[in-house]
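Each chain, letter by letter, is given below.
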Amino acid sequence: MEWYYLLVIPVYLFIDSVVSYYRLNNIYHKYILWVTTTTKVNILGEKSALKSLIRHAGVEDSIFPDAQLIGYGQIATYRCSVLDNFPSNRQDMAAHTSRMIEEALGVYRDRMWNAFNPLSWIHALIFLPTTVISYLGIGVKNIFAKTLQFIWWFIAVSISVIQFTYPNFTRHFLDAILQGLIR
């Protein structure tokens, strides 16, 4: 395996982030046009794409309490989801929608930069279990994630100490495994 095959991962992450950024930015411009003008824009067709891009960025849906007068002196109170009510031209809902989209655009810009940032890759390697658990959508603050992270650090330190103490150990160990698989 050639070393340049390792560039496939950052190139994929970069392209994924660029495509997601431009798709979301296009939806955002359509939404702003829809909210601020009377120009006919097909924004409702972008609802599923917006939901997908916001979730892909890892941005939480804004849910806020709302109340409406329903008549006869009664008020209905409920919790509003911004993504479920997209598109909405209500001022408070539009502000929440814009904030979420701008936050997701920032996430995609950061991902584009971090795709080739060596410090980001070192951080991802050090915190590999947490990175994988976060990618899978599982909470990273639970005891399972912290235990896996501790085990990862223990294994990494153990391998480093063994490699430092016995420099040829890893090569001999891998050769022994490969010889066992071949037979």
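Residues numbered from 1 in each chain as written. Predicted model: local features only at pLDDT ≥ 70, side-chain atom pairs only at ≥ 80, totals over all residues. Heavy atoms only, no water.

**What to know about the overall build of the protein**
Then comes step 1: A count of helices and strands for the protein gives seven helices and two strands.
Then comes step 2: Secondary structure elements of the protein, listed N to C terminal, follow the sequence α-α-β-β-α-α-α-α-α.
Then comes step 3: What you see for the protein is a C-alpha radius of gyration of 24 Å, clearly larger than the 16 Å of a compact globule of 183 residues, by over 25%.
Then comes step 4: Its C-alpha atoms give the protein principal-axis dimensions of about 80 × 35 × 30 Å.
Then comes step 5: Buried residues in the protein amount to 25% of all 183 residues.
Then comes step 6: A separation threshold of at least 6 residues defines the contact pool for the protein, and within that pool the share at least 24 residues apart is 57%. (Helix = DSSP H or I, 4+ residues; strand = E, 2+ residues; numbered from the N terminus. Rg over C-alpha atoms; globule rule 2.2 N^0.38 Å. Buried < 20%, exposed > 50% of the residue type's maximum accessible area, 1.4 Å probe, protein only. Contact = heavy atoms within 4.5 Å.)

**Digging into the side chain of Ser 88**
Then comes step 1: Following the sequence through the fold, Ser 88 ends up in the loop between strand E2 (74–81) and helix H3 (91–114).
Then comes step 2: On the accessibility criterion, Ser 88 (12% relative accessible area) is buried.
Then comes step 3: Once residues within four sequence positions are removed from consideration, Ser 88 is found in contact with Tyr 31, Trp 34, Val 35, Met 93 and Ala 94.

**Quick look at the confidence of the model for the protein**
Then comes step 1: For the protein, mean pLDDT is 83; residues scoring 70 or higher make up 95% of the total.
Then comes step 2: Across the protein, the element-wise mean pLDDT spans from 76 in helix H5 (residues 128–135) up to 90 in helix H1 (residues 8–36). (pLDDT = per-residue confidence, 0-100.)

**A closer look at the pairing of strand E1 (residues 63–71)**
In regular strands, side chains alternate between the two faces of the sheet.
Then comes step 1: Of the pairings in the sheet, the one linking E1 to E2 comprises eight bridges and is antiparallel in character. The residue of E2 that forms the bridge with Leu 69 is Ile 75.
Then comes step 2: The loop that links E1 with its antiparallel partner E2 comprises two residues; one of these, Tyr 72, has a positive phi angle of about 55°. (Pairing = 2+ DSSP bridges.)

**Observations concerning the packing of H1 against helix H2 (residues 47–57)**
Then comes step 1: Where H1 contacts H2, the axes come no closer than 10 Å and their chain directions differ by 135°. The angle between the axes of H1 and H2 places the two elements in the oblique class. Two packed elements cross with a definite hand, and for H1 against H2 that hand is left-handed. Contacts between H1 and H2 involve Asp 16, Ser 20, Arg 23, Leu 24 and Ile 27 from the first element and Ala 49, Leu 50, Leu 53, Ile 54 and His 56 from the second. (Axes fitted to C-alpha atoms, helices over the stretch in contact; angles between N-to-C directions. Parallel < 35°, antiparallel > 145°, perpendicular 65-115°, else oblique. Left-handed = near helix turned anticlockwise from the far one by under 90°.)

**Concerning a nonpolar patch on the surface**
Then comes step 1: A cluster of nonpolar residues, Leu 119, Ile 122, Ile 126, Ile 143, Phe 144, Leu 148, Phe 150, Ile 151, Trp 153, Phe 154, Ile 155 and Ile 159, forms a patch on the protein surface that exposes about 1,200 Å² of accessible area.
Then comes step 2: Going through the elements one at a time, helix H4 (118–126) and helix H6 (143–165) are the ones with two or more residues in the nonpolar patch.
Then comes step 3: The greatest single-element share of the nonpolar patch, amounting to nine residues, is contributed by H6.
Then comes step 4: By the secondary structure assignment, Leu 119 is in helix H4. (Patch = residues over 30% accessible without salt bridge, like charges linked within 9 Å, V, L, I, M, F, W, Y side chains within 5 Å. Areas by Shrake-Rupley, 256 points an atom, 1.4 Å probe, with all protein chains shown as cover. Salt bridge = Lys/Arg side-chain N within 4 Å of Asp/Glu carboxyl O.)

**Section: the packing of aromatic side chains**
Then comes step 1: Per the stated rule, a full pass over the model turns up five aromatic pairs.
Then comes step 2: Aromatic side chains Phe 14 and Phe 116 sit 5.6 Å apart centroid to centroid with 55° between the ring planes, which places their arrangement in the tilted category. Pair noted here: Phe 14 is in helix H1 and Phe 116 is in the loop between H3 and H4, with a separation of 102 residues, a long-range link.
Then comes step 3: On the basis of relative accessible area, Phe 14 is assigned to the partly exposed category, the value being 32%.
Then comes step 4: By relative accessible area, Phe 116 is classed as partly exposed at 45%.
Then comes step 5: Taken together, a centroid distance of 5.2 Å and an interplanar angle of 40° make the contact between Tyr 31 and Phe 86 tilted. (Phe/Tyr/Trp six-rings, centres within 6.5 Å; stacked < 30°, edge-to-face > 60°.)

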